[in-house]
Amino acid sequence: MKVYSGLAGIPVVRSSISYIDGQKGILEYRGIPIQELVDNSNYLETAYLLVFGKLPSVQEYESFVNDIKNNLNLPNSILQFLKDIPSDTHPMKVLQSIVPVLSAFDENKDVLDSEHHYSALVNLLGKVPTILTAWKMITEGRKPVEPDQSLSYGENFLYMLTGEKPEKELAEMFDKCLILHAEHTINASTFTAIVVVSTLADFYSCVSSAIGSLSGRLHGGANERVYYMLNEIKSVKDIPEYIDKKLEKKERIMGFGHRVYKTYDPRAKIIKSFLEKIADKYGSNELLEKAKVFEEYALSKLSGKRIYPNIDFYTAVFYNYLGIPPNFYTTVFAMARTAGWIAHCKEYLKENKLFRPTQIYDGGHNIHYVPPDRRL
Ligand code: COA
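Now for a quick tour of the structure. Sequence positions are assigned chain by chain, starting from 1 and proceeding in written order. Only residues with pLDDT of at least 70 get local features here, since the model is predicted, and only at 80 or more are side-chain atom pairs given and counted; chain-wide, interface and lining totals rely on the full set of residues. Note that water and hydrogens are dropped before the side-chain values are worked out from all heavy atoms of the structure.

1. Thoughts on the packing of aromatic side chains
Part 1 of the reasoning: Between 30 and 60 degrees the pair is tilted, below 30 it is stacked and above 60 it is edge-to-face, where a pair is any two Phe, Tyr or Trp rings, Trp via its six-membered ring, whose centres lie within 6.5 Å. Applying the stated criterion across every chain, the model contains 21 aromatic pairs.
Part 2 of the reasoning: Aromatic pair Y264 and Y308: ring centres 6.4 Å apart, planes at 50°, arrangement tilted. Taken together, the residues span a long stretch of sequence, with Y264 in the loop between α12 (239-248) and α13 (266-282) and Y308 in the loop between α14 (286-302) and α15 (311-322) at a distance of 44 residues.
Part 3 of the reasoning: Relative accessibility under 20% of the residue-type maximum defines a buried residue, over 50% an exposed one, and the middle range a partly exposed one, all with a 1.4 Å probe and only protein chains included. Here Y308 falls in the partly exposed class, since its relative accessible area comes to 21%.
Part 4 of the reasoning: Ring geometry for F318 against Y319: centres 6.1 Å apart, planes inclined by 35°, an arrangement best described as tilted.
Part 5 of the reasoning: Assessed through its relative accessible area of 0%, F318 is described here as buried.
Part 6 of the reasoning: Here the aromatic residues F157, F174, Y227, Y228, F274, F318, Y319 and Y329 are joined through ring pairs into a cluster of three or more.
Part 7 of the reasoning: For K165, the ring lying beneath its charged end belongs to Y159, and the centroid distance is 4.9 Å. Helix and strand definitions follow DSSP, with helices as H or I runs of at least four residues and strands as E runs of at least two, each counted in order from the N terminus. In this scheme, the term charge over a ring applies when either NZ of a lysine or CZ of an arginine sits within 6 Å of the ring centre and within 35 degrees of the ring normal.

Dropping the structure here:
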């Protein structure tokens, strides 16, 4: 027997949800190239595509969006729960702890029932943005902002986060950024979600577990670290020395590298193009200027190893531009990825098999218990 460390390259499912060609930098959702979705779709329509396997008809789309809008508001008990959590708790932990509690407000509890799949989907897509933004307001000693049903998904999130209606064009780019975050084959968090659903735990437990998995800095948590990394550099001229030192110490450059992409991450390319448009129209900022020089120098050192910027590198810069606090960056990723996690859980249940890998035991045998007073 051989151990497949990190399961790298080992298929664990058959899936028709998304496809990556890591050599060519291709990403498709249900066969549709990501750029085409970004150019033509919005987050909720893409979420529908991922979960139900087809683009919705006009009526299907309207009723899906209405069901989500009807789930935007939080029950008072959840608001109270948020108020009782210590205010320095990381937003990812807050989200991870509240998501399973939402199951209490869902009548459809049977994970094998498609009613559960739908109600968990609309309940989570509706409430996650409201939980996150309410949490931000509560930690600032402010009153949570009521959702505005007339706004798009991304626009409403930015509105509830600050209490101010965002610039239309920026909100649209943000909503498209959610499309880019919505799904990405079997990565660590999606694998976590399907492991949990394979036990027939409900979708709330699956999403909560996936949030925990996403929070780590080798996965979604990287975007927050990208901000701290760029912020740590005092001036653009210090960038080469900063990168050289990190590489000498064998430290990871956050927002660079990917297990699957061995070329430029197509999602990073799209976000970078948004930032170029933003800089042209609204003006650049310090972080964006640093990021551009950082990318150029880091590439001169890392592209030989086929290490390029990933989605987290430029989303950190974009979220900073939008005024999203750094500790909320990964929660934006989680909010969008909820659709992908649910799509995979739903798909996995069609041919469910409990995950139960094996191990190669390399410990001892017949070792005897030693009472505490005789231990060395
Ligand atoms: N900075 C510096 N070196 C990196 C690197 C990075 N971001 N990512 C990979 N490497 C180097 C490793 O040090 C290793 O070098 P070595 O062969 O000389 O020891 C080599 O590339 C392979 O690393 P490995 O960890 O085996 O590759 P992986 O495919 O498993 O790595 C990640 C994927 C994402 C874990 C890795 O690129 C990483 O840690 N990136 C930073 C965190 C991040 O941005 N995560 C978000 C991913 S979307």
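2. Things to note about the sheet that holds strand β3 (residues 32-33)
Adjacent strands of a sheet form backbone hydrogen bonds with each other and so pair up, either parallel or antiparallel.
Part 1 of the reasoning: Two strands pair if DSSP finds at least two bridges between them. Taken in spatial order, the three strands of this open sheet run β1-β2-β3, and their pairing is antiparallel. Both edges of this open sheet fall to β1 (18-21) and β3, since each of them pairs with a single strand only.
Part 2 of the reasoning: Inspection of the sheet shows β1 paired to strand β2 (residues 26-29) by four bridges, in the antiparallel sense. From the neighbouring strand, Y19 faces β2, where its bridge partner is E28.

3. Thoughts on the site of the ligand
Part 1 of the reasoning: Taken together, 19 residues lie near the ligand, and I253, G255, F256, R259 and K305 sit nearest.
Part 2 of the reasoning: Note that an oxygen atom of the ligand is positioned 2.9 Å from one of the side-chain N or O atoms of R252.
Part 3 of the reasoning: In the analysis that follows, any N or O atom pair within 3.5 Å is treated as a polar contact, provided that within protein one partner can donate a hydrogen and the other can accept it, and provided that, for residues neighboring in sequence, both atoms belong to side chains. Between the ligand and F256, the relevant distance is 2.8 Å, taken from a nitrogen atom to a main-chain nitrogen or oxygen of the residue.
Part 4 of the reasoning: Three classes are used: nonpolar for Ala, Val, Leu, Ile, Met, Phe, Trp, Tyr, Cys and Pro, charged for Asp, Glu, Lys and Arg, and polar for all others, with Gly counted as polar. Looking at side-chain class alone, the shell around the ligand contains seven nonpolar, five polar and seven charged residues. The nearness test applies per residue and asks whether one of its heavy atoms lies within 4 Å of the molecule or strand.

4. Re the nonpolar core
Part 1 of the reasoning: Counting residues in each nonpolar core, the largest one holds 117 residues, and the members touching the most others are Y43, L82, F174, F294, F318 and I324.
Part 2 of the reasoning: Tallying contributions element by element places helix α16 (residues 329-350) first for this core, with 13 residues.
Part 3 of the reasoning: Each of domain 1 (13-215 + 328-351) and domain 2 (222-322) accounts for three or more of the residues forming this core.
Part 4 of the reasoning: M137, L151, Y159 and M160 belong to the second largest nonpolar core, which has five residues in total. Side-chain atoms within 4.5 Å link the members of a nonpolar core, which is a set of buried Ala, Val, Leu, Ile, Met, Phe, Trp, Tyr and Cys residues. Each domain's limits were defined by an automated method or a database of domain assignments.

5. A short note on the environment of L180
Part 1 of the reasoning: Note on placement: L180 falls in helix α8 (residues 168-181).
Part 2 of the reasoning: Judged by relative accessible area, L180 falls into the buried class, the value being 0%.
Part 3 of the reasoning: Here the alpha-carbon distance between L180 and A268, two residues 88 residues apart in the chain, equals 9.1 Å.
Part 4 of the reasoning: If sequence neighbours within four positions are ignored, L180 has contacts with Y29, I34, V38, R267, I270, I271 and I311. Throughout, a contact is declared for two residues whenever any of their heavy atoms are within 4.5 Å.

6. Brief notes about the pairing of β2
Part 1 of the reasoning: Across the two faces of β2 the burial differs, with L27 and Y29 buried and I26 and E28 not buried at all.
Part 2 of the reasoning: Two strands pair when backbone bridges link them, and β2 and β3 are joined in this way by two bridges, in the antiparallel orientation. Across the sheet, E28 pairs through a bridge with P33, a residue of β3.

7. Details of unusual backbone geometry
Part 1 of the reasoning: Unusually for a residue other than glycine, R30 sits at a positive phi of about 50°.
Part 2 of the reasoning: Residue placement: R30 occurs in the loop between β2 and β3.
Part 3 of the reasoning: Since its relative accessible area comes to 22%, R30 is described here as partly exposed.
Part 4 of the reasoning: Positive phi values are uncommon outside glycine, yet K250 reaches one of about 60°.
Part 5 of the reasoning: Locating K250 in the fold gives a position in the loop between α12 and α13.

8. Some words on the pattern of salt bridges
Part 1 of the reasoning: Salt bridges, as used here, are contacts in which a Lys or Arg side-chain nitrogen is within 4 Å of a carboxyl oxygen on Asp or Glu. According to the stated counting rule, one finds 16 salt bridges in the structure shown.
Part 2 of the reasoning: A salt bridge links K245 to E241, with the shortest nitrogen-to-oxygen separation between them at 3.2 Å. With a gap of four residues between them, K245 and E241 both fall in helix α12, about one helical turn apart.
Part 3 of the reasoning: With a relative accessible area of 45%, K245 lands in the partly exposed category.

9. Digging into α8
Part 1 of the reasoning: When the terminal C-alpha atoms of α8 are compared, their 20 Å separation across 14 residues agrees well with the 20 Å that a helix rising 1.5 Å per residue should span.
Part 2 of the reasoning: For α8, a buried count of eleven out of 14 residues is recorded, marking the element as mostly surrounded by other parts of the structure.
Part 3 of the reasoning: Where α8 is concerned, the buried positions are L170, A171, M173, F174, D175, K176, C177, L178, I179, L180 and H181. Here the expected span of a helix is defined as 1.5 Å times the quantity of residues minus one.

10. Remarks on α16
Part 1 of the reasoning: Relative to the 32 Å expected for 22 residues at 1.5 Å per residue, α16 spans 33 Å between its end C-alpha atoms, a close match to the ideal helical length.
Part 2 of the reasoning: Residue R337 marks the point of greatest curvature in α16, where the axis turns by about 40°.
Part 3 of the reasoning: Of all 22 residues in α16, 20 are buried, a share of seventy percent or more. Fitting one axis to the seven residues ending at a residue and another to the seven starting there, the bend at that residue is the angle between the two axes.

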